[in-house]
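Commentary on secondary and tertiary structure
Chain by chain, the residues:
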Amino acid sequence: MSAIIVVGAQWGDEGKGRVVDGLAREAQLVARFNGGDNAGHTVVAEGHTLKLHLVPSGILYQTATCLIGAGVVVNPEQLTAEMDELAAIGVDVGPAHLKLSAAAHIILPTHRALDGAREEARGQTALGTTKRGIGPVYADKAARVNPRAGDMINPEQFAEQVADRVRAHNRRLKEQYGLETLSPQQAAARYCEYARRLAPHLVDGSALVGETLAAGRTVLCEGAQGMLLDLDHGTYPYVTSSSVTSGGALTGLGFGPQHVSRVVGVVKAYTTRVGTGPFLTELLDETGEQIREAGNEYGTTTGRPRRCGWLDLVILRYAARINGLDELALTKLDVLSGLERLKVAVAYERDGERVQPSVAKYFPAEFGVEALAEWKPVYEELPGWAEDITGVRARADLPAAAQEYVARIEELVDAPVTFIGVGPEREQAIRMTNDQ
Ligand code: IMP
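Every residue gets a number counted from 1 within its own chain, in the order that chain's sequence is written. The model is predicted, so local features are restricted to residues of pLDDT at least 70 and side-chain atom pairs to those at 80 or more, both for listing and for counting; the totals for chains, interfaces and linings are taken over all residues. To obtain the side-chain values, all non-hydrogen atoms of the structure were used and water was disregarded.

Angle between the axes and distance between the axes are the two parameters that describe a pair of packed helices. Angles shown run from 0 to 180 degrees and are taken between the N-to-C directions of axes, each axis being a line fitted to C-alpha atoms and, for helices, limited to the stretch in contact. Counting from the N terminus, the helices are DSSP H or I runs at least four residues long and the strands are E runs at least two residues long. Remark: helix α3 (residues 109-122) packs on helix α5 (residues 155-175), axes separated minimally by 10 Å, with the N-to-C direction vectors making an angle of 20 degrees. By the angle between their directions, the pair α3 and α5 is classed as roughly parallel. Here the hand of the crossing between α3 and α5 comes out left-handed. Along its contact with α3, which presents Thr110, His111, Ala113, Leu114, Ala117 and Arg118, the element α5 presents Val166, His169, Asn170, Arg172 and Leu173. When residue character is reported, Ala, Val, Leu, Ile, Met, Phe, Trp, Tyr, Cys and Pro are called nonpolar, Asp, Glu, Lys and Arg charged, and the others, Gly included, polar. Taken together, the residues of the contact of α3 with α5 sort by class into 5 nonpolar, 4 polar and 2 charged. Relative orientations are named as follows: roughly parallel for angles under 35 degrees, roughly antiparallel for angles over 145 degrees, roughly perpendicular for angles from 65 to 115 degrees, and oblique for any other angle. If you view the pair so one helix is near and one far, a crossing is left-handed when the near helix is turned anticlockwise from the far one by less than a right angle, and right-handed when it is turned clockwise. Contacts: residue pairs with any heavy atoms within 4.5 Å of one another.

See below:
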């Protein structure tokens, strides 16, 4: 009957997997709508720490079917490896439980090679991509030349398509970048095998979503990355190549806005970013280091240390506006324990003045990253707390300063916080609604 959309409200790595995992209990379909294996969702359950890149975080619930939607780009090597890992710990990844939209696009080894080559060639101006081929595969999708998952129905024909694309990419690798080429035959043979394995999982993804909604059931839409990495509304060009926002759920899965009942924005209690690009509240000092270590802020996909900084409420207001956030899921509040004073950015200023209130109120992404270089955050200071909060399960039991921190976020973003993560384990959370 309704679709719940979960999106990241910062630069990714907010802990969406954890929130999706909590909501999945109530859903009959959990559907990933954007990105590829550039994303990394860590789910901790029953003694296992799972690092999922493509399989939706809801896979641990047998009650929900999982769908990799049309808006996703799929590296079949990664997908089959994750399926093997899950099967090894007894999770059902059969075609009845895990489905792949026929309209999803396929990542080829040469997409990854081109991603790396382009980054290398950019030198100082590299975007800091995950080198998973994301930019090149979405470019091929937009150019209408890329193989789709549905082509795997006929493995031999699919293999030919793969070989053709690899040959085209090879020309660019050689002529543009002077690099080694990849064997089209080898790629074709491997992808033919992937096709045989994945073909039984193929479905008409939008039909599955539509039928689930029509039957009065709940579809949980799982976003990857975060608001400011959105291709249209993020800090372009320091963005990923997909639609990360709640709008991306509608296009990436193929259903209408009337079905959306809730949009949940996942917010980390501080800010992190991997890769290059503007980050106004970044901490390049000991406090930043302390947060990185306490929060284990190293990339799930690449292992890179994440840049860390204070919570930026200007970004969150922007995320709330663009996504239509109904509520916030606040993660990793425990990481801030022990910091004497906390800062949150409440506005931006230039030359000591808030030049345009509308711009200072929201993140000014449309003006481009150069404009941002002149802006500085205006901070509000809040008291910290020393107590260990990992055992707290009710908001009223949090130290007064932590309650104040949460309340200030709600006030300045104008959205209620309905979930607070106080530790990495599934049960280490404060839930203000019954369903997370
Ligand atoms: P790409 O998506 O690999 O092309 O990378 C583009 C930018 O998005 C880089 O700054 C990456 O670090 C960032 N990025 C991509 N996926 C994630 C993610 O899941 N979490 C955080 N950052 C990401």
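Here we come to the site of the ligand. In this text, near means that some heavy atom of the residue lies within 4 Å of the molecule or strand in question. Among the 16 residues in the neighbourhood of the ligand, the closest are listed as Asp13, Asn38, Thr130, Thr240 and Arg304. In the model, a nitrogen atom of the ligand is placed 3.1 Å from a nitrogen or oxygen of the Asp13 side chain. Taken by itself the ligand offers 470 Å² of open surface, and the protein chains cover 97% of this. Definition of a polar contact: a pair of N or O atoms within 3.5 Å, with one able to donate and the other able to accept a hydrogen when the atoms are protein atoms, and with sequence-neighbouring residues admitted only if both atoms are side-chain atoms. Surface accessibility in these figures is a Shrake-Rupley result with a 1.4 Å probe; residues are shielded only by whichever protein chains are displayed.

Below, the discussion takes up the domain arrangement of the protein chain. Frequently, the measure chosen for interface size is the accessible area that the parts lose on association. Segmenting the protein chain into domains produces domain 1 (2-102 + 201-264), domain 2 (105-198) and domain 3 (268-431). Marked domain ranges trace back to an automatic or database domain assignment. A C-alpha centroid distance of 23 Å is found between domain 1 and domain 2. Taken together, the contacts link 27 residues of domain 1 with 23 residues of domain 2. As a working definition, buried area equals the accessible area (1.4 Å probe) given up by two parts on being put together, with both sides summed. Considering only the side of domain 1, the residues that lose the most area to domain 2 are Val73, Pro76 and Leu202, jointly responsible for 25% of the buried surface there. What makes a salt bridge here is a side-chain nitrogen of Lys or Arg within 4 Å of a carboxyl oxygen of Asp or Glu, nothing more. Put simply, domain 1 and domain 2 have 4 salt bridges between them. Inspection of the region where domain 1 meets domain 2 yields 9 residue pairs in polar contact (both at pLDDT 80 or more). Breaking the side of domain 1 that touches domain 2 down by element, the ones donating at least two residues are β6 (73-74), α2 (76-88) and β7 (98-101). For the side of domain 1 that touches domain 2, the element with the highest residue contribution is α2, accounting for 6 residues. Of the residues that constitute the side of domain 1 that touches domain 2, the class distribution is 12 nonpolar, 12 polar and 3 charged.

The next point concerns the nonpolar core. In terms of nonpolar packing, the biggest core is built from 72 residues, with Cys221, Leu333, Leu336, Phe363, Trp385, Tyr405 and Ile409 touching the most fellow members. At 7 residues, the largest contribution of residues to this core is made by helix α10 (residues 313-323). Counting only domains with at least three residues in this core, you end up with domain 1 (2-102 + 201-264) and domain 3 (268-431). Each nonpolar core is a collection of buried residues, namely Ala, Val, Leu, Ile, Met, Phe, Trp, Tyr and Cys, held together in the definition by side-chain atoms within 4.5 Å. Partly exposed describes any residue whose relative accessible area lies between the buried limit of under 20% and the exposed limit of over 50%, with all areas from a 1.4 Å probe on protein chains only and scaled to the type maximum. In terms of nonpolar packing, the next biggest core, distinct from the first, is built from 47 residues, Val30, Tyr61, Ala104 and Leu220 among them.

As a further point, take the pattern of salt bridges. Tallied over the entire structure, the rule returns 22 salt bridges. Residue Glu327 pairs with Arg262 through a salt bridge whose shortest N-O separation is 2.8 Å. With Glu327 in strand β15 (residues 327-331) and Arg262 in strand β11 (residues 260-268), this pair connects stretches of sequence that are 65 residues apart. Accessibility assignment for this pair places Glu327 and Arg262 in one class, buried. Several salt bridges share partner residues, and in doing so they unite Asp13, Lys268, Glu297, Arg306 and Lys332 into one network.

The next subject is the packing of α3 against helix α4 (residues 134-142). Contact pair α3 / α4: the axes reach a minimum separation of 7 Å and the direction vectors enclose 120 degrees. Two secondary-structure elements touch here, α3 through His111, Leu114 and Asp115 and α4 through Ile134, Pro136, Val137 and Asp140. Looking at the contact of α3 with α4 residue by residue, the classes come out as 4 nonpolar, 1 polar and 2 charged.

Relative to the elements of secondary structure, His97 occurs in the loop between α2 and β7. The contacts of His97, once residues within four sequence positions are left out, are Ile59, Tyr61, Gln62, Ala64, Thr65, Cys66 and Asp92.

Moving on: the packing of aromatic side chains. Planes of paired rings set the category: under 30 degrees apart is stacked, over 60 is edge-to-face and the rest tilted, where pairs are Phe, Tyr or Trp rings (Trp by its six-membered ring) whose centres lie within 6.5 Å. Tallying each qualifying case throughout the model produces 7 aromatic pairs. Ring centres 6.1 Å apart and planes at 80 degrees place the aromatic pair Tyr348 and Phe363 in the edge-to-face group. Pair noted here: Tyr348 is in strand β16 (residues 341-349) and Phe363 is in the loop between α11 (357-361) and α12 (369-372), with a separation of 15 residues, a long-range link. A relative accessible area of 0% places Tyr348 in the buried class.

Tyr236 connects to Pro237 through a cis peptide bond whose omega is 5 degrees. By secondary structure assignment, the location of Pro237 is in the loop between β10 (218-226) and α8 (246-253). A positive phi angle, close to 60 degrees, is found at Lys332, a residue other than glycine. Considering the arrangement of structural elements, one finds Lys332 in the loop between β15 and β16. Phi is positive for Asp414, close to 65 degrees, though the residue is something other than glycine. By the secondary structure assignment, Asp414 is in the loop between α13 (400-413) and β18 (417-421). Looking at Asp414, the relative accessible area reads 69%, which means it is exposed.

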